[in-house]
Amino acid sequence: MESNAGTLSHPLSEAGRAKAGANVRDVWKEKGGTLVAGLLLPAFAIAIWQTAGSLGWISARFLPDPYTILKTFRELAATGELGADLGISLQRAAIGFLFGGSLGLLLGLLNGFSKTLDGLLDPTLQMIRMVPHLAVSPLIILWLGFDETSKIVIIALGAFFPLYLNTYLGIRMVDRKLIEVSQVLAYPRRKVLTRLILPAALPNILLGLRLSLAVSWLGLVVAELIGSQSGIGFLINIGKQDGVPSYIFVGVILFAVVGKLVDSFVQALERRLLKWNDSYLG
Amino acid sequence: MAESILEISSVSRVFVKNKSTVTALDRVSLNVKRGEFITLIGPSGCGKSTLLKIIAGLDTQLEGKVLLEGEEIVKPGIDKGFIFQEPRLFPWLTVEKNIAGDLSLRRPEIRDRVAELIELVRLQGFEKAYPKELSGGMAQRVAIARALLRNPKVLLLDEPFGALDAFTRTHMQEVLLEIWERNRTTMIFVTHDIDEAIFLANRVVILKPRPGSIRGIVPVDLPFPRKKASSSFQELRIKILNEFEKVDDLELESGFVI
C-alpha cells in the first residue's frame, strides 16, 4: 500500500513528489527482479530440452527441440503463410467476440436495468449457459457448414456469457447508498445511468471483457481444429496429418502468446480506468 | 430571527412490518426559522433520522405536513441538502468532480464555485485526489461542499461526525460553524452527542422514543465560539440530561428497555 500511495499523482508537496519518484524506481527494480526470478525455471527447462534434443535423447518425430521449432517458425513466417494464418485467426476471433461480446454487454445492461426484461430473458439465458458451448460446436457446424459463419457463431456463443453475467452483476451490485445520493442531488434519470450506474459497474464489465476475450480465443482454437482451411488451428491440423510436430508447437505457442498479449492489454486498460479502485492489490 | 423557513405540522410516520406496526414519529410539530441551527438529539429509535428523511423528501409515507418556504415537500431535491453519516462519495471521481457531481466543471461559474467551496472546507491541494486517499474527516468535508454547491435552503445532517474520532469531530464542528456563520444556511443536525448538540445549536430539540415525539426544546443563547468546559455550557448540559432522565423513568414505567 505504501509504495502504491506514493506512485499516485498527488500534488501534496515537493518532498512528496520526490518520494514518489524514488518509489517508482523501487517498483521498477522490484518488477525487474521478479521478472528475472520468474524466467529462471522456464530458461532452465528450455536448456535441458535443447540439450536432450541435440544429443539425440528424444526423437525429433515426437518432440522437436526448441531450435528446430524456432527454425520452423522463421520458415513459415518467411513464406508469409504464418502471417496470413494468424491474420485470419485474429479476424475470426475479433468478429466472433464483437458479435457475442456486444450482445452480452447489451443484454447485461438491459436486464440489469429492467426487472421485466430480466424476468423474461434471464431464465432462458441461464439455461443455455449451462450447455457447454464447445460441446454443441459440431451441431453448429452441421447446421451452418464449414464456412466462416459457423466459426464465428461458436466464438460468439462463448464470448456472450462472461460479458452478459458480469455486466448484469455489476449493475445489480451498485451501492444503494450512492443511488440515494443521486436522489438527494436530484440527478436527472439519464445521468443516474451515465454518471453513477455505468462507472460503478465498470470493474465488473471489464472483468467480463477479459473473460469474454479468453473464451473467444478458446472457441477459435476449437472451431479451427474441427474444420478449417486456414488459420493457426489449420496449421496445427496440418502438423498432425503430415507428422510435423514443430508445426503444432508453432501453432500452440502462437495461440498462447497472442492470448497473453490480448489479456495484458485489457489488464492495462483496467489499471488505467480503475485507478480509483480501493481494493486489495496484493 | 427571521420568519420560519420550515414548518413541520403534526407529522406522524408508521412503519408496518410483518403485520405489526411501529410508530416512528407521533404528531411531531416544529417550526424552524431561516438561518437557524437546530440540533435533534435523542436515543436510538426516537425517529430523529426518520424525521430528517421526511424533510429531505426521501420518505413520503407520512401523515401531516412539511412545508419548505410554504411549499409541501414531495420529493428529494437540491433545495434540501443532505449529509449522510458516511461521506458517500463516488469513488471513481476526484474531489472536485465529486463536488460538481452531475454539473460540468467546464462551466466557468461551476468551476469557480467549486474552487470557492474547496477553500471553504479547507481542502486546497486535494482537488485531484480520489476518495480512497482522503481521511474520514476530509471525505465528509467534500460531502458538505457537494451539498453546499447546490445552494440548499436547508442543510440536513444525519449524525455526520458520528464515525469520526474525538479530535476530528471537534475540528469538523468548528468547520461547520464557520460555514454556517459565513453562509447562514439553515441547518438541521441529528446527533446523539449532547456536547455536540449544545456546541452547535440555536435550539436543541430533544426527542423521545416509542413513539418518537418531541420531549422538549432547549434554546441555547451562549455566544460563539462556545467553550465546552464553561459553566454555562455545563448548566445546559445538565438541563438536557435531566430531560433524558425523565425519558428514562417513563421507559422504565412502561417496561421498555432502551
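As recorded in an unreviewed UniProt entry, chain B goes by the name ABC transporter ATP-binding protein, listed as coming from Cohnella zeiphila.

If you look chain A up in an unreviewed UniProt entry, it shows as ABC transporter permease from Cohnella zeiphila. Here is the UniProt Sequence similarities (unreviewed entry) comment for chain A, exactly as written: "Belongs to the binding-protein-dependent transport system permease family."

**Student:** Can you lay out the overall build of chain B for me, pointing to particular residues and giving the numbers?
**Tutor:** When you go through chain B residue by residue, the secondary structure sums to seven helices and 10 strands. Here the C-alpha atoms of chain B give a radius of gyration of 19 Å, agreeing with the 18 Å that 2.2 N^0.38 yields for 258 residues. Sorting the 258 residues of chain B into buried and exposed places 52% on the buried side. Computed over 37 positive and 36 negative side-chain charges, the inter-centroid distance for chain B is 4 Å.

**Student:** Describe the UniProt feature "domain: ABC transporter" (unreviewed entry) in chain B, listing the residues and the values that go with them.
**Tutor:** With numbering aligned to this structure, UniProt lists the feature "domain: ABC transporter" (unreviewed entry) at residues 6-234 of chain B. Strand forms 29% of residues 6-234 of chain B and helix 31%; the C-alpha atoms that close the span are 30 Å apart.

**Student:** Which residues make up the pairing of strand β7 (residues 154-158) of chain B, and what values go with them?
**Tutor:** Residues and elements named next belong to chain B. Burial within β7 is extensive, with five of its five residues counted as buried. Burial of β7 is two-sided: the residues Val154, Leu156 and Asp158 facing one way and the residues Leu155 and Leu157 facing the other way are all buried. Direction of pairing for strand β6 (residues 80-83) relative to β7: parallel, over a ladder of four bridges. Looking at β7, one finds that lysine 80 is bridged to valine 154. For β7 and strand β8 (residues 186-191), the ladder comprises five bridges, and the chain directions are parallel. Across the sheet, residue leucine 155 finds its bridge partner in β8, namely methionine 187. Remark: the β7/helix α5 (residues 166-183)/β8 crossover connection has right-handed handedness.

**Student:** Quick one: what's the story with the nonpolar core, residue by residue and with numbers?
**Tutor:** By size, the foremost hydrophobic cluster in this structure holds 54 residues, and its most contacted members are B:Leu134 and B:Val204. The greatest single-element share of this core, amounting to nine residues, is contributed by helix α4 (residues 136-149) of chain B. In contact with B:Val204, not counting residues within four places along its chain, are B:Thr39, B:Ile41, B:Ala197, B:Ile198, B:Gly216, B:Ile217, B:Val218, B:Val220 and B:Ile240. Counting 51 residues, the second largest nonpolar core, distinct from the first, contains A:Val174, A:Leu274, B:Leu52 and B:Phe90.

**Student:** Describe the UniProt feature "transmembrane region" (unreviewed entry) in chain A, and please don't skip the residues or the numbers.
**Tutor:** All names here are of chain A. UniProt feature "transmembrane region" (unreviewed entry): in the numbering of this structure it lies at residues 35-58, 93-113, 125-146, 152-171, 192-211, 217-236 and 248-269. Annotated as 100% helix and 0% strand, the span residues 93-113 places its first and last C-alpha atoms 29 Å apart. Along residues 217-236, the helical share is 75% and the strand share 0%, with 15 Å between the first and last C-alpha atoms.

**Student:** Hey, could you go over the pattern of salt bridges for me, with residue numbers and the actual values?
**Tutor:** Within the structure shown, the criterion is met by 26 salt bridges over all chains. The partner of B:Glu86 in a salt bridge is B:Arg88, and the shortest N-O contact between them spans 2.6 Å. Look at B:Arg88 and you get buried, because its relative accessible area is 12%. Members of the salt-bridge network, linked through shared partners, are A:Lys177, A:Glu180, B:Lys53, B:Glu86 and B:Arg88.

**Student:** Residue-level account of the sheet that holds strand β10 (residues 213-219) of chain B, with values.
**Tutor:** Each strand in a sheet pairs with its neighbour through backbone hydrogen bonds, running either in the same direction (parallel) or in the opposite one (antiparallel). Residue and element names in this part refer to chain B. Spatially, six strands are ordered β6-β7-β8-β3-β9-β10 in an open sheet, and the strand pairing comes out mixed. Edge positions in the sheet fall to β6 and β10, since each of these pairs with one other strand and no more. Across the sheet, the mean angle from the axis of one strand to that of its neighbour is 20°, orientation sign disregarded. Alignment of strand β3 (residues 37-41) against strand β9 (residues 203-208), held across four bridges, turns out to be parallel. Bridging from a neighbouring strand, isoleucine 41 pairs with isoleucine 206 of β9. Its contacts with the sheet put α4 on β6 and β7, and the angle it makes with β6 is roughly 170°. The strands touched by α5 are β3, β7 and β8; relative to β8, the strand with the most contacts, the crossing angle is about 160°.

Each value, and the rule that gives it
Residues numbered from 1 in each chain as written. Chains lettered and ligands numbered in written order. Predicted model: local features only at pLDDT ≥ 70, side-chain atom pairs only at ≥ 80, totals over all residues. Heavy atoms only, no water. UniProt positions renumbered as here; feature names shortened; annotations may be inferred. Helix = DSSP H or I, 4+ residues; strand = E, 2+ residues; numbered from the N terminus. Rg over C-alpha atoms; globule rule 2.2 N^0.38 Å. Buried < 20%, exposed > 50% of the residue type's maximum accessible area, 1.4 Å probe, protein only. Lys, Arg positive; Asp, Glu negative; His and termini not counted. Charge placed at Lys NZ, Arg CZ, Asp CG, Glu CD. Pairing = 2+ DSSP bridges. Right-handed = clockwise from strand over helix to strand, strands pointing away. Core = buried A, V, L, I, M, F, W, Y, C linked by side-chain atoms within 4.5 Å. Contact = heavy atoms within 4.5 Å. Salt bridge = Lys/Arg side-chain N within 4 Å of Asp/Glu carboxyl O. Axes fitted to C-alpha atoms, helices over the stretch in contact; angles between N-to-C directions.

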